[in-house]
There are 2 protein chains.
Amino acid sequence: MIKILLAEDDVNLGILLTDYLNAKGYSVSHHTDGKKAIDAFSEASFDLCLLDIMLPEIDGISLAKKIRAKREDIPVIFLTAKSQEDDKIEGFRVGADDYITKPFSMEELIYRIEAILRRTRNHPLEDSEEYKLGIFTFQPLSQVLRSDNKSHKLTTKESELLHLLCKNRNEILERNYALKTIWVDDNYFNARSMDVYITKLRKYLKEDPSITILNVHGKGYKLLCD
Amino acid sequence: MIKILLAEDDVNLGILLTDYLNAKGYSVSHHTDGKKAIDAFSEASFDLCLLDIMLPEIDGISLAKKIRAKREDIPVIFLTAKSQEDDKIEGFRVGADDYITKPFSMEELIYRIEAILRRTRNHPLEDSEEYKLGIFTFQPLSQVLRSDNKSHKLTTKESELLHLLCKNRNEILERNYALKTIWVDDNYFNARSMDVYITKLRKYLKEDPSITILNVHGKGYKLLCD
DNA sequence: AGAGCTTTTTAACCTTATTTAACTTTGGCG
DNA sequence: CGCCAAAGTTAAATAAGGTTAAAAAGCTCT
C-alpha cells in the first residue's frame, strides 16, 4: 500500500483529494497545518508528500525542507495557486520533484504521482545515497557497510538486498518483489539463495542490536531501525 | 553549464520548466513561438532542445528540421499532448531523440534529459576530453594517464577500457557492452582478456585509494570516484 | 625478411561470490 | 499436540573473477 502525506489547509479540497486518492488505492494521511504534517511524517513512513505552499503554522516550503532533512529520497509535489508562481523557484531549490498549479484535474495529479513513483521505484540509483542504520552507514554505490570499528566490503548481492531493505526500512519488503528485482526470476532455488543472504546480512548487522531484519512469515522481511 | 533551448507557448508550463531546470543547474532559454526559437538557436550554442509540437509561427516539427539542418548533433526532445501522439512518427522521422507526452512529471523529464546527454556525450565528436579521477587526469585521445608524480602512456586497449569506465563512472559498465565495443566479439577468451586489463588498470590507479574499479558480479564493472 | 621491441591473448592457478544441498528450527493451523 | 510449509543455518559445489607469466601477434627499423 502506497502511503501519501497530504498537507492542505483547504478542508474541502483536502477531503476531495483524500477520497479520490483512496479510491485509486492509495492510503492518505491528511493534515491541515504544517506542524501536524511534520509530526505525522516523523511518526510514520510515507512514499510521497503532497504539500500546499500556503499552510498555517509551517508553510509548505519550510515543511519540504524539514522533510528533506529527514529523508532525502521521499518525493515531494507542491500544490500551488497561480498567484504563487514566484514560489516555484524556491520550491524547486528545496528539492521539489514536481509542481502542480491549482486548479488541477484529479487525472493530472494522479498521473504525476504515478510518474514519480514509477521513477523513484525503478530508478532509485541517486548517486550519493547513504543510509544510516544505527551505528552503521551503508553506501549502495560503493557497496560498503561501515561501522565505527570496521568497514565491510559487501558483495553485489549482499549490497543489492540490503539496498532494497533500506529503501523499504520499517516496512515490509516482499519476497517476490526482491526476488524479481535482484534475482530476476522468483523460483524455489533463488528464494533459498535469498535466505542465505539474509543470514549473511544479519551476521554483519548483529554488531548493533537495535537493527534487525525481521521475517514476516509468508510475506517477506522488514528492516527495523531507529 | 549545459544550455537548453525551450520552445513552449504555454507560458505557465514554460516558466515551470525553466524554474525547474534552473534549479537543476541547467541554463534555459525560453521562447514562446517557433520563429523566436530558431532565431535564438542561430545566435547562441545549445546542448539540447526541448520543443513543443504545437507552436505559433513555426511548428515544432519544422523547427526541429531547421535545427537539424544547422546542427546534426544537438539532441531534440519533443513535448507533446496525448492527442498529438500521431506526430510521434513524424517527429522521430525528423530525428527526435526522445518524446515526452504531457502531462509529464518533472522527474521524468529530467531523467530523459540526463539519459540523452549521457548518450550523446558517449558518442562525442569532441576528442579533446579529459577526465579527472582523484589525483589522475586521463586523456583518451593521447592515451595518457597522468598523476602528480608520474605520467603513464597507456596501450590502446588499456585506454579504451578506461575510457568506457570513465564515461560510465559511478555507474555500471556492462561486460557485454564493453566486450562488444572494444573486442567486437564477446566470447570467453575476450572476457578473460578484459579481466587482465582490469587488473592492469587497477595497478595504475592504486596510487589513489579513493579510485576503485568495483566488480559487479555477473554484470560488469563500476569505476568509483569522487 | 627478421631482430628486438611492445601489445595482446592464452593459460594456469588462485581467490571470492553465488548457488545448491542437507539438515535444523520456527510458525501456523487443524 | 503434531503436521507441514516456510525460514534459519551451515557447508559443499559451482561459477565468476583476480593475478601472473608465458605464448602469440603486431610493430618498427634496418
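What you see as residue numbers is a count from 1 along each chain, following the sequence as written. Following the order in which they are written, the chains are lettered starting with A and the ligands numbered starting with 1. Only residues with pLDDT of at least 70 get local features here, since the model is predicted, and only at 80 or more are side-chain atom pairs given and counted; chain-wide, interface and lining totals rely on the full set of residues. Water and hydrogen atoms were dropped before computing side-chain values, which therefore reflect all heavy atoms in the structure.

### Thoughts on the overall build of chain A
So, step 1. A run of H or I in DSSP becomes a helix once it reaches four residues, and a run of E becomes a strand once it reaches two; helices and strands are each numbered from the N terminus. Summing up its helical and strand segments, chain A has eight helices and twelve strands in all.
So, step 2. For chain A, buried positions account for 50% of its 226 residues.
So, step 3. Put simply, 54% of the contacts in chain A that link residues at least 6 apart link residues at least 24 apart.
So, step 4. The protein chains shown are the only cover counted for residues, whose accessible areas, like all others here, come from Shrake-Rupley with a 1.4 Å probe. Of the roughly 11200 Å² of accessible surface on chain A, 51% is carried by carbon and sulfur atoms. Think of it in three bands: with a 1.4 Å probe and only protein chains considered, a residue is buried below 20% of the maximum accessible area for its type, exposed above 50%, and partly exposed in between. Contacts are residue-level and defined by heavy atoms, with any inter-residue pair within 4.5 Å sufficient.

### Looking at the environment of B:Leu21
All names here are of chain B.
So, step 1. Following the sequence through the fold, Leu-21 ends up in helix 1 (residues 11-23).
So, step 2. Look at Leu-21 and you get buried, because its relative accessible area is 0%.
So, step 3. Sequence-wise, Leu-21 and Met-106 are 85 residues apart; in three dimensions their C-alpha atoms are separated by 8.8 Å.
So, step 4. When neighbours within four sequence positions are excluded, Leu-21 is seen to be in contact with Ile-4, Tyr-26, Val-28, Leu-50, Ile-110 and Ile-113.

### Quick word on the pattern of salt bridges
Residue and element names in this part refer to chain B.
So, step 1. Salt bridge, as applied in this entry: a Lys or Arg side-chain nitrogen positioned within 4 Å of an Asp or Glu carboxyl oxygen. The final tally for this structure, using the stated rule, is 13 salt bridges over all chains.
So, step 2. Lys-132 is paired through a salt bridge with Glu-130; the nearest N and O atoms lie 3.2 Å apart.
So, step 3. In this structure, Arg-192 engages Asp-195 in a salt bridge whose closest nitrogen and oxygen atoms are separated by 2.9 Å. A residue pair is termed a helical-turn pair when its members lie 3 or 4 positions apart in one helix, as Arg-192 and Asp-195 do in helix 8 (residues 188-205) at three residues.

### Some thoughts on the protein's contact with DNA strand C
So, step 1. By convention in these notes, a residue is near a molecule or strand provided one of its non-hydrogen atoms lies within 4 Å of it. A:Thr155, A:Trp183, A:Ser193, B:Thr155 and B:Trp183 are the nearest of the 22 residues found near DNA strand C.
So, step 2. When atoms of DNA strand C within 4 Å of the protein are split into backbone and base, the sugar-phosphate part holds 76%.
So, step 3. Contacts to DNA strand C include B:Trp183, whose side-chain N or O atom sits 2.9 Å from a phosphate oxygen.
So, step 4. Pairing of N or O atoms within 3.5 Å defines a polar contact, subject to two protein rules: one partner must be a possible hydrogen donor and the other a possible acceptor, and residues neighboring in sequence count only if both atoms are side-chain atoms. Note that a sugar or linking oxygen of DNA strand C is positioned 3.4 Å from one of the side-chain N or O atoms of B:His217.
So, step 5. Its residues placed into classes, the surface near DNA strand C shows eight nonpolar, eight polar and six charged. Gly falls in the polar group here, along with every residue not listed as nonpolar (Ala, Val, Leu, Ile, Met, Phe, Trp, Tyr, Cys, Pro) or charged (Asp, Glu, Lys, Arg).

### Regarding helix 8 (residues 188-205) of chain A
All names here are of chain A.
So, step 1. Between its terminal C-alpha atoms helix 8 stretches 26 Å, which fits the 26 Å expected from 18 residues at 1.5 Å a residue.
So, step 2. Among all positions in helix 8, only Asn-190, Ala-191, Met-194, Asp-195, Tyr-197, Ile-198, Leu-201 and Leu-205 are buried.
So, step 3. Where helix 8 is buried, its residues touch strand 7 (136-139), strand 8 (144-146), helix 6 (156-167), helix 7 (175-183), strand 11 (212-216) and strand 12 (220-224).
So, step 4. Backbone nitrogen of Phe-189 and a side-chain oxygen of the N-cap are separated by 3.1 Å at the start of helix 8; the cap is Asn-187. In this scheme, a helix's expected span is set at 1.5 Å multiplied by one less than its residue total.

### Brief notes about the packing of aromatic side chains
So, step 1. The aromatic pairing rule takes the rings of Phe, Tyr and Trp, using the six-membered ring of Trp, and pairs them if the centres are within 6.5 Å, calling planes under 30 degrees apart stacked, those over 60 edge-to-face and the rest tilted. Within the structure shown, the criterion is met by eight aromatic pairs over all chains.
So, step 2. Where A:Tyr131 meets A:Phe138, the ring centres are 6.4 Å apart and the plane angle is 25°; that geometry is what we call stacked.
So, step 3. Relative accessible area serves as the criterion here: at 4%, A:Tyr131 is assigned to the buried category.
So, step 4. Only when the NZ atom of a Lys or the CZ atom of an Arg is both within 6 Å of the ring centre and within 35 degrees of the ring normal do we say a charge sits over the ring. Sitting above the plane of the B:Trp183 ring, B:Lys157 keeps its charged end 5.7 Å from the centroid.
So, step 5. We note B:Lys200 situated over the ring of B:Tyr197; from NZ or CZ to the ring centre the distance is 5.2 Å.

### What about the sheet that holds strand 11 (residues 212-216) of chain B?
Adjacent strands of a sheet pair through backbone hydrogen bonds, lying either parallel or antiparallel.
All names here are of chain B.
So, step 1. Strands are labelled as partners when DSSP assigns at least two bridges between them. Read across the open sheet, the three strands follow the order 10-12-11; overall the sheet is antiparallel. Where the open sheet ends on each side, the last strands, each with one partner, are strand 10 (172-174) and strand 11. Averaged over all pairs of adjacent strands, the angle between their axes in this sheet comes to 30°, without regard to strand direction.
So, step 2. Sheet topology places strand 10 next to strand 12 (residues 220-224); three bridges connect them, and they run antiparallel. Across the sheet, residue Ile-172 finds its bridge partner in strand 12, namely Lys-222.
So, step 3. Interaxial angles span 0 to 180 degrees and are taken between N-to-C directions of axes, which are lines fitted to C-alpha atoms, for helices over the stretch in contact. In the packing of helix 7 (residues 175-183) onto the sheet, contacts are made with strand 10 and strand 12, and the angle to strand 10 comes to roughly 55°.

### Considering empty space enclosed by the protein
So, step 1. Using a 1 Å grid laid over the protein atoms alone, points where a 1.4 Å probe fits but cannot get out form a cavity; open sets with protein on both sides within 12 Å along at least 5 of 7 lines form a pocket; any residue with an atom within 4 Å of a point counts as lining. Grid points are joined across faces, edges and corners, and a volume is the space filled by probe spheres set on the points. For the coordinates displayed, the defined rule picks out two cavities of 30 Å³ or more.
So, step 2. In this structure, the largest cavity spans a volume of roughly 50 Å³.
So, step 3. Around the largest cavity, the lining residues are B:Phe136, B:Leu145, B:Arg146, B:Ser147, B:Lys150, B:Ser151, B:His152, B:Tyr204 and B:Glu207.
So, step 4. Counting residues per element, the ones that place at least two in the lining of the largest cavity are strand 8 (144-146) and strand 9 (151-153) of chain B.
So, step 5. Residues that form the lining of the largest cavity fall into these classes: three nonpolar, three polar and three charged.
So, step 6. By volume, the second largest cavity is sized at about 30 Å³.
So, step 7. Around the second largest cavity sit A:Phe136, A:Leu145, A:Ser147, A:Lys150, A:His152, A:Tyr204 and A:Glu207, which together line it.

### What about the protein's contact with DNA strand D?
So, step 1. Surveying the vicinity of DNA strand D reveals 22 residues, the closest of which are A:Arg202, A:Tyr221, B:Arg192, B:Arg202 and B:Tyr221.
So, step 2. Close to the protein, within 4 Å, the atoms of DNA strand D belong to sugar or phosphate groups at a rate of 69%.
So, step 3. In this structure, B:Arg175 approaches DNA strand D through a side-chain N or O atom, which is 3.3 Å from a phosphate oxygen.
So, step 4. In this structure, a phosphate oxygen belonging to DNA strand D sits 2.7 Å away from a side-chain N or O atom of B:Arg202.
So, step 5. Where the surface near DNA strand D is concerned, the elements lending two or more residues are helix 8 of chain A together with helix 8 of chain B.
So, step 6. Of the residues that constitute the surface near DNA strand D, the class distribution is four nonpolar, eight polar and ten charged.

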